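Examining the three-dimensional arrangement
Spelled out, the chains give:
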Amino acid sequence: MDKHRKYIIAGNWKMNKTSGESVELADAVIKEIGDQASVDVVLCPPFTSIAAVSSVVEGSPVKLGAQNIHPASSGAYTGEVSAEMLRYFYPTYVILGHSERRKYFNETDAFINEKVLAAFAGNLKPILCVGETLEERESGKTLEVVDTQIRGCLVDVSEKDAENLVVAYEPVWAIGTGKTATPQIAQEVHDSIRHILSDLFGQEAAQRIRIQYGGSMKPDNARDLLSQTDIDGGLIGGAALNAKSFTDIVNAAVSLDSEE
Ligand code: 13P
């Protein structure tokens, strides 16, 4: 099997870990994965740990990601952080449009779109999260919801920028619940996402864009999910808070990559 895309395993630490704990976790991850570079590994700590984790990952193959940005570069936006401010810590990625931000902070596709454009302008690669709620799935609206989110969040993104985009399919009903989408359910949605991306950016670009799965991915289900044709990585919440479970998922991707 040749998927032509490099796996990307990212840990979304959400609102967890003090800066001291973040250093410990990042250190342990780096020790465990060594200098392997066949899989992209990304750590997304909270803002308060960005500086500390930036120093830890420097010189290692592990990349740094943020969990959010504001679209403006500076200004009167109390409590917010811009891509401009982050760039001193050399982050590579930024998670945007996570369902928790949509739900608890009322982020809309239009606002997320502004952030996506600001991320590209600031040399950050967006990890754009999309996914349906349980109610939407049960009423047969999954593909419609995902289609609306992707198109709404990617207005005015160029084909060239799109190649630096990562999409994360995170069914809301699978996040933090222990309920994982079956590999077949996930693959079906990933395949549809690639068709939407192809419609927006052309087939060649769409083949290069990596689509991660997120939602209760754990060491024991990672291999089955990652072996699907259109699943190019994982966005890991709970299991990323522990070095062993996170690196076990990374190692599942490394071993699949070596079998290709
Ligand atoms: P869990 O892995 O805890 O389900 O979280 C997934 C997620 O939301 C990653 O962004």
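Rules and cut-offs
Residues numbered from 1 in each chain as written. Predicted model: local features only at pLDDT ≥ 70, side-chain atom pairs only at ≥ 80, totals over all residues. Heavy atoms only, no water. Near = heavy atom within 4 Å. Polar contact = N/O pair within 3.5 Å; in protein donor to acceptor, adjacent residues only side chain to side chain. Areas by Shrake-Rupley, 256 points an atom, 1.4 Å probe, with all protein chains shown as cover. Nonpolar A, V, L, I, M, F, W, Y, C, P; charged D, E, K, R; others polar. Helix = DSSP H or I, 4+ residues; strand = E, 2+ residues; numbered from the N terminus. Contact = heavy atoms within 4.5 Å. Buried < 20%, exposed > 50% of the residue type's maximum accessible area, 1.4 Å probe, protein only. Axes fitted to C-alpha atoms, helices over the stretch in contact; angles between N-to-C directions. Parallel < 35°, antiparallel > 145°, perpendicular 65-115°, else oblique. Salt bridge = Lys/Arg side-chain N within 4 Å of Asp/Glu carboxyl O. Disulfide = S-S within 2.5 Å. Pairing = 2+ DSSP bridges. Expected span 1.5 Å × (residues − 1). Arc of directions from axis to C-beta.

All right, on to the site of the ligand then. Close contacts around the ligand come from Asn12, Lys14, His98, Glu170, Ala174, Ile175, Gly176, Gly215, Ser216, Leu235, Gly237 and Gly238, and that covers them all. One nitrogen or oxygen atom from the side chain of His98 is found 2.8 Å from an oxygen atom belonging to the ligand. Here an oxygen atom of the ligand and a side-chain polar atom of Glu170 are 2.9 Å apart. When the ligand is considered free in solution it has 310 Å² of accessible area, and contact with the protein chains removes 97% of it. Classifying every residue of the shell around the ligand gives 3 nonpolar, 7 polar and 2 charged.

Before going further, it helps to examine the side chain of Gln212. Structurally, Gln212 is set in strand β7 (residues 210-213). There is a polar contact of 3.1 Å between the side chain of Gln212 and the backbone oxygen of Ile8. A polar side-chain atom of Gln212 sits 3.1 Å from the main-chain carbonyl oxygen of Gly234. Ignoring anything within four residues of it in the chain, the contact list for Gln212 reads Ile8, Ile9, Ala10, Ile127, Val166, Val167, Ala168, Tyr169, His190, Gly233, Gly234 and Leu235.

Moving on, we come to the environment of Asn123. Topologically, Asn123 is positioned in the loop between α5 (109-121) and β5 (125-130). A residue is classified by how much of its surface remains accessible, and Asn123, at 70% relative accessible area, is exposed. It is 34 Å that separates the C-alpha atoms of Asn123 and Glu136, two residues lying 13 residues apart in sequence.

Before going further, it helps to examine the packing of α5 against helix α7 (residues 142-153). Here α5 crosses α7 at 45°, and the two axes come no closer than 7 Å. As the angle between them shows, α5 and α7 are arranged oblique. Residues Asp109, Ala110, Ile112, Asn113 and Val116 of α5 pack against Thr148, Gln149, Gly152 and Cys153 of α7. The residue makeup of the contact of α5 with α7, split by class, is 4 nonpolar, 4 polar and 1 charged.

As enumerated under the stated definition, the model contains 18 salt bridges in all. Glu100 is paired through a salt bridge with Lys14; the nearest N and O atoms lie 2.8 Å apart. Within this pair, whereas Glu100 is found in helix α4 (residues 99-104), its partner Lys14 is found in the loop between β1 (8-12) and α1 (19-33), the two being separated by 86 residues in sequence. A relative accessible area of 24% places Glu100 in the partly exposed class. A residue is classified by how much of its surface remains accessible, and Lys14, at 22% relative accessible area, is partly exposed.

This part is about the state of the cysteines. All told, the structure shown has 0 disulfides when counted by the stated rule. This cysteine, Cys44, is not joined by any disulfide, and Cys129 carries the nearest cysteine sulfur, 9.4 Å off. Note on Cys44: relative accessible area 0%, which makes it buried.

The next subject is the pairing of strand β6 (residues 166-169). In β6, alternate side chains face the same way, and those of Val166 and Ala168 on one face and Val167 and Tyr169 on the other are all buried. One ladder, built from 4 bridges, connects β5 with β6; its direction is parallel. The partner of Cys129 across the bridge, within β6, is Ala168. Where β6 meets β7, 4 bridges bridge the pair, whose relative direction is parallel.

For α1, with 15 residues, the first-to-last C-alpha span of 21 Å sits near the 21 Å given by 1.5 Å per residue. Listed as buried for α1 are Ser22, Leu25, Ala26, Val29, Ile30 and Ile33. Across the axial projection of α1, the buried residues extend over an arc of 130°, all falling on one side. Residues of α1 that are exposed and point over 90 degrees away from its buried face: Glu24 and Lys31. Directly after α1, the chain includes Gly34, whose backbone phi takes a positive value near 60°.

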